[in-house]
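Reading the structure
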Amino acid sequence: MKTIFSAISRFVDRRQSLVFPAPAVIVLFLIVIIPIVFNLYLTFTKWTIGLGQPRFIGFDNFIELFGDERVWNGVKVMVYFSGLSLTLELALGLLIALYFNRAFKGSEIVQAIYIIPFAATPVAVALIWRIMLNPEIGVMNYLLQSVGLPPSLWVSSAAMVIPTLVMVDVWKWTPMITLIVLAGLKSLPHDPYEAARIDGASVLQIFWYITLPLIRPVLIAALMLRSLDNLKEFDIIYTITQGGPGIASETLYLYSYTVGFSFFKAGYGSALMVVVFLIVLVFNVIMNRLRHESQVV
Amino acid sequence: MVKTFKSIFFYTGAFALCVPPLFVFIWMILTGLKTGIQNISYPPEFLFTPTLENFRAVFQQYNFFRYLLNSLIIATLATAISLVLGLPAAYSIAKYRQNKIGIIILIARMTPFVSYLLPWYIIFRYLKLIDTYSALTITHLIITMPMVIWLMVSFFESMPSELEDAAMIDGCSRWQSFLLIVLPLVRNGIATAAIMSFIFSWNQFLFSLILSGPKTKTVPVAVYNFISYGKIDWAGIGAAATLIVLPVSIFAFFVRKSIVQGLTMGALKD
């Protein structure tokens, strides 16, 4: 028994770089790669879950999605929702990080309160937003009216639904961008700032010509990280509108879920999911290139 | 004069940043403390006699204790497994610069969750594992393991290697030096990784929505179901949401300083 144990110990000593990561890599392979391969296989089949066997149909699912109006609607909603929310989160996140970068009395407490939404369970807070946004008795309309503004239909109107969902997303996720950018700001070199101050540069000039170019790679990294979740936003939209009214807030991702788990069309749903993955991939490849270019400068 | 102007600026900013999170949180708690009728009256009532009736109902009518327990079990299991498997892996990635392992983690992060869900649903249905802790824990690992590994890589990288070298010279095996020397040095990192992993498993909705059932329903699904019991029980939602959100908010408060390393997943360096 003892010899077996010491033999294992010797093996670990010699091959640590293999033994240590192996269990995690094997488990990740089983739980991540196998489902993805299975998902790719399903894209070439027609199959209603629970009925018969998958039938191979080649690229028919991908051909079908070009003629599907809900796919085009999904892409449009996705671009609108993500474009607006990512832009606002990045701009506000940077602004608030600059604010926190200057230490002041009580900034610790303010920061602790400010980041609460980031950890809060998305479904739970989205339900509270849903209550607050109720057009008839919600507190949001009460607040609007008490400062003399007209009430809004919020998520009940096709025109207002995306901006309203963006507001909730910004509320929940801007703290994440702030935390990342703030860490970046803290690691910036001091020399350029001192030189600029000696030359008499204004605050705005310092921001525009020094801070912004230096922080650009971090901003793009934050945008990439946020985009991984934002392009696949599910909890907030599903809880507040379920894609409604009609399909006015149905992103491509939400539609792929509906096809898979309400219509039980495994093949077509899988094909839609692959399209979502490709959008996320292309966006991140472009951003990664931008990040590397901005680092050279 | 400039000083006064500056402090006015900072305190206006502080006020503007604290109001949105606090307002939603206070509204959530107030909704839980109001009666059903108070919750649907307009204009909304800001002053009222609070009642704990909703919290009682959430536990007695909706059996919420069971769901809290389910979430606790699944989040603890997913976190424990992620740490046991992820700590040695992260250590090895940091020490031997095994950046290729990062690719599988990046794929895990980029793939839409629904893409895992459909195959897992089919596989678990076939294995009769729907509505079991195993099924939910396995799928939660897809989120928690990459998070633990990347968080810990940055902690291991910033650790000095001298102590470990000394241990090896003194005759420690690799396992002994890892368990007795290295892990205690990064205990802050481990605490952060564990709490982040727990929070993200606790908050996970999509996997549980499809793969859980009456026996293993987790709290996000349980509170979501409050709107599908015919009419919406707003007071119940307020009470349940408070019970779900408070624990993770308190956790996040303690790790807020090191959270950023878990988020950036090494993206800040190259």
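Above this text sits the structure in question.
Summary of the structure given here. Bear in mind that the values here come from a model prediction, so they are computed numbers and not experimental data.

**What to know about the interface of chain A and chain B**
- In this complex, chain A contributes 95 residues to the contact, which on the side of chain B involves 94 residues.
- Between chain A and chain B lies a buried interface of about 8400 Å² when both sides are counted; carbon and sulfur atoms form 79% of it.
- For the pair chain A and chain B, the interface holds 1 salt bridge.
- Close ionic contact of Asp 229 of chain A with Arg 109 of chain B constitutes a salt bridge, the shortest N to O distance being 3.4 Å.
- The interface formed by chain A and chain B holds 16 residue pairs in polar contact (both at pLDDT 80 or more) in total.

**What to know about the layout of surface pockets**
All names here are of chain A.
- Size it by volume and the largest pocket reaches roughly 1100 Å³.
- Forming the boundary of the largest pocket are 27 residues, of which Leu 98, Tyr 99, Asn 101, Arg 102 and Val 203 lie nearest the centre.
- With 7 residues, helix 5 (residues 69–101) is the largest single contributor of residues to the lining of the largest pocket.
- Within the lining of the largest pocket, the residues separate by chemical class into 19 nonpolar, 4 polar and 4 charged.

**Here's the deal with a nonpolar patch on the surface**
- Residues Tyr 80, Leu 84, Leu 88, Leu 92 and Leu 95 of chain A make up a contiguous nonpolar surface patch of about 420 Å² in total accessible area.
- Inspection of the secondary structure puts Leu 88 of chain A in helix 5.

**Observations concerning unusual backbone geometry**
- The omega torsion of the bond from Gly 244 of chain A to Pro 245 of chain A falls at -5°, within 30 degrees of zero and hence cis.
- Locating Pro 245 of chain A in the fold gives a position in the loop between helix 13 (235–240) and helix 14 (252–261).
- Phi is positive for Phe 264 of chain A, close to 55°, though the residue is something other than glycine.
- With phi around 50°, Arg 97 of chain B is a residue other than glycine that occupies positive phi space.
- Structurally, Arg 97 of chain B can be placed in the loop between helix 4 (64–96) and helix 5 (101–110).

**Here we look at the nonpolar core**
All names here are of chain B.
- Phe 64, Met 152 and Phe 156 are the most contacted members of the largest nonpolar core, which totals 190 residues.
- When we break this core down by domain, the ones giving at least three residues each are domain 1 (1–51) and domain 2 (60–264).
- Once residues within four sequence positions are removed from consideration, Phe 156 is found in contact with Leu 87, Ala 90, Tyr 91, Ala 94, Phe 178, Val 182, Leu 183 and Val 186.

The rules behind these values
Residues numbered from 1 in each chain as written. Chains lettered and ligands numbered in written order. Predicted model: local features only at pLDDT ≥ 70, side-chain atom pairs only at ≥ 80, totals over all residues. Heavy atoms only, no water. Contact = heavy atoms within 4.5 Å. Buried area = accessible area lost by both parts, 1.4 Å probe. Salt bridge = Lys/Arg side-chain N within 4 Å of Asp/Glu carboxyl O. Polar contact = N/O pair within 3.5 Å; in protein donor to acceptor, adjacent residues only side chain to side chain. 1 Å grid on protein atoms, 1.4 Å probe; cavity = no way out; pocket = protein on both sides within 12 Å on 5 of 7 lines; lining within 4 Å. Points joined across faces, edges and corners; volume = space filled by probe spheres on them. Helix = DSSP H or I, 4+ residues; strand = E, 2+ residues; numbered from the N terminus. Nonpolar A, V, L, I, M, F, W, Y, C, P; charged D, E, K, R; others polar. Patch = residues over 30% accessible without salt bridge, like charges linked within 9 Å, V, L, I, M, F, W, Y side chains within 5 Å. Areas by Shrake-Rupley, 256 points an atom, 1.4 Å probe, with all protein chains shown as cover. Core = buried A, V, L, I, M, F, W, Y, C linked by side-chain atoms within 4.5 Å. Buried < 20%, exposed > 50% of the residue type's maximum accessible area, 1.4 Å probe, protein only. Domains from an automatic or database assignment.

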